[in-house]
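# Commentary on secondary and tertiary structure
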Amino acid sequence: MMTPRTALAALCALVSLGTSPGLAQPDFTYTVIVDPTATESANYTTIQGAINNGIPDDPTVRYTVLIYAGVYEEEVTLGDTRENVDLVGVDPDAVIIRPPLGDNGVIISGFGARNNSIRNLTIEIPDDTGTGDDLDGILLTKPGSGDDPSGITIENVTIRVDADASRAIGAAVRVRDLLITGATITTTGEDTVGIELAGGSSSTPNEDITVEALSLVSTGDAGHGISLDHETERFTLRDADLTLSGHLAIPVRFSGSLAADSIVDPTFTRVCIRHTNQVNAGIQGGPSLRMTITDCDLYKLDGHGIIAGNDTHITNTTTVTRKVTAGPGDNDNAGVSANGTSGLRIENSFLEGRLAGVQLKSDCSDVIITNSILYGSHYGLRSECGDRIEVSGCSISGDSSRGQLSAVPQLQYHGVSVDDKEGCEPGVIVFTNCEIEGRSLVGDIDAHGVYIEAAPGSADGPVRFEGCVIRAEQGAAAPADPGRSFGARADEADSITLVGGTVSSVDIDERETDQYDLRGPDGGTVQGIAVAGTEFSKWYGPVGAAVAPSPMVQRTITVPAASNTGVNGPTTLTGSEQTITGFITQPQGYRVLKLTLSQTQGADFTAIVIGDNAAGERIADAIEVSAGQTSAQGAKPFLGVTKIILPAGSGTASIGTTDILGLEFPVASGAAVQQQGKMASAGTAYTIGAPGTVYPAHATVDAATITTGDSFEWAIRASR
C-alpha cells in the first residue's frame, strides 16, 4: 500500500504545489488533502469533513478532494452546494470507502450542472442482512424539485456490492451527461444491479449516458448488469466485459414504457458478455428499441443471445447460446430473437442459438441479413410469417450435432423454416447466394434444407431462393420410424421459387424411399415449387417453371418390352428377409418397375428396390403388393438397379419392368408433355400422337404398349 508521501510523489504529473489553501493542479484550482493518519500534509482525516469544512458553499472554482490510502468508514455526500468538486483517490486499490451498515457509499445530490467526479478509489457495500438493504455504491439524486443533475464523471472506480436489492451505481432521478469510464464492478447480492438508471420519463428521458472500459462481474440471483428501467436517449456502452452467473440475471436490460417519442436508442461497441445462467437474454431489448451492436461477443447458456427491437443493427458480432444440460427445459432460444419488429439489420456476424441462429417471430418486417453465419440446433433461420425479408451471402444451418432441444416431441432440423402464425401469412421473402443446410443425426427426425410450411399471400409470390446451395442430410442409422431428408419442401401450393443454384439430399439409410431434393405437398398433384436453372435430380410432386417454360425434347431409344421378370426373378421367398445384389438385369431404359408374386400373402408384401435415376444418383422405391393380390407397380423410374430387398414370405417374387417410362425433366402438369412420338423397332420415323397418361409426381408417362425395340420421343415444356 502506498504511503501518503509516496502517493503524492506518484501523482506529481497530476498535482503541483500551489498557494493557500491547498495544492493547485492543472484544471483544478484548489486541492484539499484527506489522510486518516493525520500527517502534516493532510487537511482532514475524513472525506466528509473535507467536503463540509474545506470547501465553500457553491464554489465558483474547482476543488479536488485528494484522498490518501486508508479505509474510510463513512457515507460521503456531495450535496447541492458542492458542485465543481472532485473526489480523487491516490490509489484505486488503497483508497477504500466502506460505509456503516445500511448506508450508501457516495451520494451526489444536487440540481443542474454538477461538474462532479469520483476517481481512483474503491467503494464497498457490505451485506446488511435483515435490514432490506436497498443501497447504492454511488447514488445520483436530487433533494427536491429542480433541474436534474448533469455533468458527472465516474472514472477508474472499483465498486463491490454484497448487499441485496442494491446497486453499484444508481440514479433515482433523471440524469444527463453521465460518463462512467474504467469502472470495475462486482455484485454478489441477490437482485443487485451493476448500473441502474431509473429516473427518466417519456417527457424527460435520461440523455447522453456513456459507459466505457467497464469490467462487471455479477454472481447474485436475479441481478442485472446494466438496467435502463425508464426512457433513456443516446446510451453508449463500449469496451466492456460483463460476466453474470446468477439465476434470472440479465447482463443488459431495457424496460419501462418506452414511449414512441422517447425511445431508448443504445449503442454497443466491443462488448463481451458471458452469461452462464439458464434464462433470459444477453441483451434484452423491447420492441421499440433501436439498438446498434458492433464488434460484440456474447456467450449464453440457454436464453436468447440478443432480443432485438425495431431498427436494431447488429454488425461484426458473435452470439453463442448453448444448452446447459441434456435434461428437460423450457429455454429453447435463439442467437438473435425478434418478435414482431421491423428494421432489423444483421451484417458480418456469427449467430448460433440453441433453437435457431435467428428467430423472427410474429410477422417481423423489413429485415436484412447479409454475409453472416446463422447456426441453430434445429433452425438456422426461422420466420413466423414475415414480410420484406432479404437474406444474402449467408451460411445457414440447422444441425442436430449442435445439441438437441428439450422439446417433446423433438422438432425437425431445418436450414430455413417459414410458417404462418396467428392468422398471418408470409410476405416477400428472398434468399440470395446463400448456403443452406438441414442436418439430422437423430434417426426418427426429418432434415430439411428449406421447409416452407405456409404459402405467402398471392400478391407477394413464393419464398424465393436465387443462386443458393441447398442441402439436407439424414445421417443416422434407421430406427423403426426412420427420419427423412428433403432439400427443399413446400407444404402448400406456390410456396417456393428456385432460381439457379443447386438442391441436394442425402440419406445414410439406403432403404429410405421418401427422400427428395424437392418435395411438394402431399398427394403429388399440387404444385408447391417452381424452378429456373436449378440443379437437382430427385423430386416428388409437380414442379413448375419460375420463368416461361422452355420447349425440350427427350428420346428413350430401343426399349425392351415390359416383363414380369425383366430385372430379377423369380426368387424363392424364405422365412427371413433377403438382399439380392447379383443376377440383376438392368431395365434398359428409364422406366418404372413392378413386383410380381407367385401366390398371395397373408399381409401386405413390400419389396425395396435400390438403384440410380437418370442423373446417376441413388434412389429407392418401395413396391407394395396388398394382401390377397399378386402384383403391383412402383412409382419412380430407374435407369439402373443395384439391390433388391425382399421380406419374408412364401412362394416366389420377381422384379420386372412396366410400360411407364420416366422423363428426365420435372413437369408442372400432364399438359406440359405436349406430344409423344413412337418409332417401332424396324421403323425409320416417329409417329406423332397424344402422350399417354402423365404422372407429374415423378414425371413419368404411360407409353401404353411397348414392343421390344420401340423408341419414344416427347415434346415437353418445362424448366431445366
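Criteria and cut-off values
- Residues numbered from 1 in each chain as written.
- Predicted model: local features only at pLDDT ≥ 70, side-chain atom pairs only at ≥ 80, totals over all residues.
- Heavy atoms only, no water.
- Disulfide = S-S within 2.5 Å.
- Helix = DSSP H or I, 4+ residues; strand = E, 2+ residues; numbered from the N terminus.
- Buried < 20%, exposed > 50% of the residue type's maximum accessible area, 1.4 Å probe, protein only.
- pLDDT = per-residue confidence, 0-100.
- Pairing = 2+ DSSP bridges.
- Axes fitted to C-alpha atoms, helices over the stretch in contact; angles between N-to-C directions.
- Contact = heavy atoms within 4.5 Å.
- Phe/Tyr/Trp six-rings, centres within 6.5 Å; stacked < 30°, edge-to-face > 60°.

Moving on, we get to the state of the cysteines. Disulfide: a covalent bond connecting the sulfur atoms of a pair of cysteines. Throughout the structure, instances matching the rule amount to one disulfide. What pairs with Cys385 in a disulfide is Cys424, and their sulfur atoms sit 1.8 Å apart. Because the sign of the S-S torsion sets the handedness, a value of about 90° for the bond joining Cys385 and Cys424 places this disulfide among the right-handed ones. In this pair, Cys385 sits in the loop between strand 32 (379-384) and strand 33 (387-392) while Cys424 sits in the loop between strand 35 (413-419) and strand 36 (429-432), placing the two residues 39 residues apart along the sequence. Both residues of the pair, Cys385 and Cys424, count as buried. A disulfide-free cysteine, Cys364 has its sulfur positioned 9.8 Å from the sulfur of Cys385, the nearest such atom. On the basis of relative accessible area, Cys364 is assigned to the buried category, the value being 0%.

Overall, the prediction assigns the protein a mean pLDDT of 88, with 90% of residues at 70 or greater. Looking at the elements of the protein, mean pLDDT is at its lowest for helix 1 (residues 4-10), recorded as 36, and at its highest for strand 51 (residues 591-597), recorded as 98.

The next subject is the side chain of Gln48. Inspection of the secondary structure puts Gln48 in helix 2 (residues 47-54). Residue Gln48 is classed as buried on the basis of its relative accessible area of 16%.

Our next topic: the sheet that holds strand 50 (residues 578-580). Pairing within the open sheet is antiparallel, and its four strands lie in the order 50-55-52-53. In this open sheet, the two edge strands, each paired with only one partner strand, are strand 50 and strand 53 (618-625). The average angle at which neighbouring strand axes cross in this sheet is 20°, direction not considered. Examined bridge by bridge, strand 52 (residues 605-612) and strand 55 (residues 640-646) share five bridges and lie antiparallel to one another. Looking across to strand 55, one finds that Gly611 is bridged to Val641.

Within the secondary structure, Tyr44 is located in the loop between strand 1 (30-34) and helix 2. The spatial distance from the C-alpha of Tyr44 to the C-alpha of Val32 is 7.9 Å, given a sequence separation of twelve residues. Residue contacts for Tyr44: discarding those within four places in its chain leaves Val32, Ile33, Val34, Asp35, Gly49, Ala50, Asn53 and Gly54.

Applying the stated criterion across every chain, the model contains eight aromatic pairs. On the numbers, 5.1 Å between centres and 40° between planes, the contact of Tyr30 with Tyr63 is tilted. Here Tyr30, found in strand 1, pairs with Tyr63, found in strand 2 (residues 63-67); they are 33 residues apart in sequence, far enough to count as distant. Take Tyr30: its relative accessible area is 24%, and that puts it in the partly exposed class. Members of the aromatic cluster, joined through ring pairs, are Phe486, Tyr516 and Tyr540.

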